[in-house]
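So you can see what is in the structure, the chains are spelled out below.
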Amino acid sequence: MEFAAPAEGRVVGSLADHWSVRFEDAAPVRQFHFTKGSRSYPGLYWSATVNRHVGYESWLERDHLRLLDFDRRIIGVSSQPFRMSWLQGGVVRRHTPDFFARAVDGTGIVIDVRADDRIKERDAAAFAATERACSEVGWEFRRVGVPDPVFMANVRWLAGYRHSRIHRAEVGCRLAEVFAAPTSLLHGAAQAGPPIGVLPVLFHLLWSGVLLADLRAGVLGGGTLVRTAEKGLR
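Throughout this description, residue numbers start from 1 for each chain and increase along the sequence as written. Two thresholds apply to this predicted model, a pLDDT of at least 70 for residue-level local features and 80 or more for giving and counting side-chain atom pairs, whereas whole-chain, interface and lining totals are computed over all residues. Each side-chain value is worked out from all heavy atoms of the structure, with water and hydrogens disregarded.

Participant: Quick rundown of the overall build of the protein? Include the residues and the values.
Facilitator: Only DSSP runs of H or I covering at least 4 residues are called helices, and only runs of E covering at least 2 are called strands; the numbering of each starts at the N terminus. When its secondary structure is counted, the protein shows 7 helices and 13 strands. In terms of principal-axis extent, the alpha carbons of the protein reach across some 70 × 35 × 30 Å. A total of 234 residues make up the protein; the buried ones form 47% of that total. Taking all contacts inside the protein whose residues are at least 6 apart in sequence as the whole, residues at least 24 apart take part in 58%. Think of it in three bands: with a 1.4 Å probe and only protein chains considered, a residue is buried below 20% of the maximum accessible area for its type, exposed above 50%, and partly exposed in between. Any pair of residues with heavy atoms lying within 4.5 Å of one another is described as a contacting pair.

Participant: I'd love a proper account of the environment of Glu 24, names of residues and values included.
Facilitator: Structurally, Glu 24 can be placed in the loop between α1 (15-18) and β3 (43-47). Residue classification places Glu 24 among the buried residues on the basis of a relative accessible area of 4%. For the pair Glu 24 and Arg 174, spaced 150 residues apart in the sequence, the C-alpha separation amounts to 36 Å. Here a polar contact is taken to be a pair of N or O atoms separated by no more than 3.5 Å, where protein atoms must pair a possible hydrogen donor with a possible acceptor and residues adjacent in sequence count only if both atoms sit in side chains. Within the structure, the side chain of Glu 24 is placed 3.1 Å from the side chain of Arg 102, a separation counted as a polar contact.

Participant: With reference to specific residues and values, describe the sheet that holds strand β13 (residues 225-228).
Facilitator: Note: two strands are recorded as paired if DSSP finds a minimum of 2 bridges between them. Reading across the sheet, the 3 strands line up as β11-β13-β12 and stay open at both edges, with antiparallel pairing between neighbours. Since the sheet does not close on itself, it has two edges, and those belong to β11 (183-184) and β12 (211-212), each with one partner. Bridge count between β11 and β13: 2 bridges; the pairing is antiparallel. Paired with Ser 184 across the bridge in β13 is Leu 225.

Participant: Any chance you could break down the nonpolar core for me, citing the residues and the numbers?
Facilitator: Nonpolar cores are built from buried Ala, Val, Leu, Ile, Met, Phe, Trp, Tyr and Cys residues. Side-chain atoms within 4.5 Å join them into one set. Ranked by size, the top nonpolar core spans 42 residues in total, and within it Leu 175, Leu 202 and Leu 206 carry the most contacts. Membership of the second largest hydrophobic core comes to 21 residues, among which are Met 1, Phe 23, Trp 86 and Val 110.

Participant: Pulling in residues and values, what's your account of the side chain of Arg 102?
Facilitator: Structurally, the position occupied by Arg 102 is in strand β8 (residues 99-103). If we skip the residues at most four places from it in the chain, Arg 102 touches Val 21, Arg 22, Phe 23, Glu 24, Arg 73, Ile 74, Ile 75, Gly 76, Thr 107 and Gly 108.

Participant: Go over the sheet that holds strand β5 (residues 74-79), please, and point to the residues and values.
Facilitator: In space, the 4 strands of this open sheet follow the order β5-β8-β9-β10, with mixed pairing throughout. Two strands close off the open sheet at either side, each with one partner strand: β5 and β10 (140-144). For this sheet the average axis-to-axis angle between neighbouring strands, irrespective of direction, equals 25 degrees. The sheet contact formed by β8 and strand β9 (residues 108-113) spans 4 bridges and is antiparallel. Bridge pairing in β9 places Phe 100 opposite Val 110. Note on definitions: angles span 0 to 180 degrees between N-to-C directions of axes, and those axes are lines fitted to C-alpha atoms, for helices only across the stretch in contact.

Participant: Summarise the pattern of salt bridges; cite the residues concerned and give the values.
Facilitator: The term salt bridge refers to a side-chain nitrogen of Lys or Arg lying within 4 Å of a carboxyl oxygen of Asp or Glu. Enumeration over the complete set of coordinates arrives at 13 salt bridges. Among the ionic pairs, Arg 162 bridges to Asp 69, the shortest N-O distance being 3.9 Å. In this pair, Arg 162 is assigned in the loop between α4 (149-159) and α5 (169-178) and Asp 69 in helix α2 (residues 59-70), connecting sequence segments 93 residues apart. The exposure class of Asp 69 is buried, given its relative accessible area of 7%. When the shortest N-O distance is used, the salt bridge between Arg 73 and Asp 71 registers 2.9 Å. Using a relative accessible area of 15% as the deciding quantity, one classes Asp 71 as buried. A single salt-bridge network, built from bridges that share partners, covers Arg 22, Glu 24, Asp 25 and Arg 102.

Participant: So what about the packing of aromatic side chains? Which residues, and what values?
Facilitator: Here is the rule: rings of Phe, Tyr and Trp (six-membered ring for Trp) pair when centre to centre is within 6.5 Å. Planes less than 30 degrees apart are stacked, more than 60 are edge-to-face, and the remainder are tilted. Under the criterion given, the structure shown has 13 aromatic pairs. Taking the centre distance of 5.1 Å and the plane angle of 65 degrees together, the rings of Phe 100 and Trp 139 count as edge-to-face. Of this pair, Phe 100 sits in strand β8 while Trp 139 sits in the loop between α3 (121-136) and β10, and the two are 39 residues apart along the sequence. Taking the relative accessible area as the measure of exposure, Phe 100 reaches 0% and is therefore buried. Put simply, the rings of Phe 3, Phe 23, Phe 82, Phe 100 and Trp 139 pair up and form one aromatic cluster. Any Lys NZ or Arg CZ found within 6 Å of a ring centre and within 35 degrees of that ring's normal is scored as a charge over the ring. Above the face of the Phe 151 ring, Arg 216 is positioned so that its terminal group lies 3.9 Å from the ring centre.

Encoded structure:
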């Protein structure tokens with residue numbers, strides 16, 4: 001494998017020797033390129049989880065970055081964290097996973113993003129080799145495709161309210177009390193104060209997990225039932 005270390009520059013070695021590296025903080029091992037006529041759209045996503053920008057190479061990757069950012073079990077994430085190489089049929093193969101994430105329990109998670117209908121034989125072999133390598137060091141491997149459209153639409157909306165500057169403690173406390181029992185979104189918001197000041201905080205608390213709603217049942221609306229999480233305000 002090959003990766004970029006802050007103090008050492010490029011490092012080459014085996015995964016078995018470097019599995020303990022904090023790859024969630026690693027710099028990308030390759031540049032994000034945009035070429036005219038390309039069907040991919042690279043860019044940077046600001047992650048509230050790590051408080052910095054993380055690169056992506058397609059809008060599908062950007063969606064999965066949002067999902068990782070929304071996942072309360074994830075505490076770190078980086079893109080293009082390392083390049084793997086292995087022998088296959090006497091030929092050296094190389095593959096750079098899309099993301100590395102760190103779970104709250106310390107587990108490393110390697111993620112490749114590819115829609116189901118775009119996996120070629122060569123891709124499948126690379127994913128299989130990556131999964132084998134991950135299993136040898138106790139990491140989890142995920143190959144993810146197109147997410148559920150309703151859930152993704154809701155996460156995209158809430159991501160607009162992910163920054164901590166949106167939170168207002170006094171409004172958050174009122175919302176936690178209002179939604180102690182399941183209440184429709186707009187009805188509960190109206191009890192907490194003027195919508196212009198309350199709704200952004202409400203959406204921020206849904207993003208951060210202080211408030212809960214079924215984000216897979218339908219697109220968020222005034223009638224969506226919202227309740228306070230058992231852990232309450234952080």
